[in-house]
Amino acid sequence: MTRYLIMLVWLLTVCVPKLNAQSVDADLLKIKQRMDVIEQFTANLKLDVDISFINMPTKHAVMTCEKGKPTKFSSDDFVMIPKRGLDFTLNKLFEYPFITVDRGTETRNGKLYKVINVIPTDKRADFSIATLLLDTVNLRITESEINTKKDGTYILAMKYENEEMILPNRVEVSFEIEQMKIPLNFVGKGTDIDRKKMHGEGMKTGKIFLQMSNYRIKLRKAN
Amino acid sequence: MKSLIIAEISKLFKQSKTYYALGCLFLIEAIVLFSAYYQGSSIIDILLDNLKKTFYLKGNLLNGNLLVYLILNMLWFHLPLILMIIISGSLTSEYRDRTIQTIMLQPVSKWKFILSKYIVAVGFTIMVVLLMAITAFVLSYGIFGKGDLVVYLNTLNFFESNDAFHRLQLAFVSGTLSMVFFSVVSLTIAVIFKEATKTWIIAAFFLIFSNVLLKVEFDNYLLDRLFFAKLNDTWQYFFYSRIEWQIIYQNSVLLILYTLLFMGTGVYLFHKKDIG
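Report follows, based on the coordinates. (Residues numbered from 1 in each chain as written. Chains lettered and ligands numbered in written order. Predicted model: local features only at pLDDT ≥ 70, side-chain atom pairs only at ≥ 80, totals over all residues. Heavy atoms only, no water.)

## Points about the overall build of chain A
Of the regular secondary structure elements, chain A holds three helices and twelve strands. Here chain A holds 223 residues, and 41% of them are scored as buried. Once local pairs closer than 6 in sequence are excluded, the contacts in chain A between residues at least 24 apart make up 51%. Of the roughly 12800 Å² of accessible surface on chain A, a fraction of 52% belongs to carbon and sulfur atoms. (Helix = DSSP H or I, 4+ residues; strand = E, 2+ residues; numbered from the N terminus. Buried < 20%, exposed > 50% of the residue type's maximum accessible area, 1.4 Å probe, protein only. Contact = heavy atoms within 4.5 Å. Areas by Shrake-Rupley, 256 points an atom, 1.4 Å probe, with all protein chains shown as cover.)

What follows is the structure, given as structure tokens:
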């Protein structure tokens, strides 16, 4: 009995931490380390919406992203910013402990990318699973599919200006959105309408094309 | 003819009911503006309800442009109703006070007399709509500022502030044609019925009838595209993402033709009828 107990204690104290330590992909850790250097960045943003039931002209905004703080936007226009998709430094993804699962490789435009799943191990994380396509040569993420707990699934395809650039200059954000139906004569007393009836028109896939320019990146000072 | 028109303008602006009516219109506009402000927030809430799940929304949509658009939606019933009362009253009061008989004793052509009333009615309507537009823009922009306009017409259409201002101006121009049509119709009704109360009842019925039929889908090309009642929301075409100019031109020409038809009928009937 004592022998089994010793073996159990050995398993829990020696083997499990080792398993945990090995469960985060090494390439992802390298990318994370590269991203962690970014303390803050500001960029000009150009947004184009592609949603079947929305007609919106091209919009412009300025985004400011600071580590540990919510991303800020400023614009003279009315802008719609996707809830996920502008977290280029993946702060939200790496906010709580997680494990990764290697899913092999995939080819995009003739280039080979490593595919991994990121699974949070903390209940506070706002996503259940994320699939990342890693560019292991240039140490950056090319594509991500994030399954959030509340806001549905977001697919992000990122393009970079050059091989050195750590932050993308073009991002295509795909998401699911519920199409709505509003009574034609909603102006007037029609504002008192049954909101449940407005929905149920089915889910539609929408896209937002983001174009970033004039990046001003503030890096962490070396100790 | 010129002196007849000047006399008609003078009569219109000398009667106190014109100013009462104008006062009522501006009061309605102010009420509509403030009710639109309170309604506007719930409309935006409804429009953007499911977008909030996916997006962070940045910017103010409850602005002067949305309020002018809401005023436009509500104005096109109240405005013609009061215009019809003033315009038709300009003839029915002449019958009631028997001043028309005095005028007809002068060397005045009957058709020129009634045509001058129609011309003044058209001019007065244009002036009132212009005043309403100016006050709507000044009050809305002055109090609520500028910003993007969101409109729901089967799809959610967003317009940048300057584009929205341009479209709202065009909508007022298009709406003026409808207002002129209703004013002309009310004068023709006055020619037929002569008596004020009957004229107002029929004119109000005509307006309500047109508004009801506007919302009815006949599933018939001729009725849906060419019937006069269907032409009175042409101004809404300016709030589609892509402006359908062909439909707007077609509807506007048709509405002008209907207006001329009602005017021609009124002139003909007045010319043929005995004064008394």
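Now that the structure has been shown, the text picks up again.
## Points about the interface of chain B and chain A
A common way to report how large an interface is uses the accessible area buried once the components associate. Counting residues at the interface gives 32 residues for chain B, matched by 40 residues for chain A. Summed over both sides, the interface between chain B and chain A buries roughly 3300 Å², with carbon and sulfur atoms accounting for 61% of that surface. At the junction of chain B and chain A, the tally comes to one salt bridge. Two residues, D148 of chain B and K59 of chain A, come together in a salt bridge whose shortest N-O distance is 2.1 Å. Linking chain B to chain A there are ten residue pairs in polar contact (both at pLDDT 80 or more). Of all elements in the fold, only α2 (16-48), α3 (51-54), β1 (55-58), α4 (64-96) and β3 (155-159) of chain B reach the threshold of two or more residues within the side of chain B that touches chain A. Among the elements that take part in the side of chain B that touches chain A, α2 of chain B stands out by supplying seven residues, more than any other. For the side of chain B that touches chain A, the class distribution of residues is 14 nonpolar, ten polar and eight charged. Relative to β1 of chain B, strand β5 (residues 79-82) of chain A runs antiparallel, the two being bridged by four bridges. Across the sheet, I81 of chain A pairs through a bridge with Y56 of chain B, a residue of β1 of chain B. (Buried area = accessible area lost by both parts, 1.4 Å probe. Salt bridge = Lys/Arg side-chain N within 4 Å of Asp/Glu carboxyl O. Polar contact = N/O pair within 3.5 Å; in protein donor to acceptor, adjacent residues only side chain to side chain. Nonpolar A, V, L, I, M, F, W, Y, C, P; charged D, E, K, R; others polar. Pairing = 2+ DSSP bridges.)

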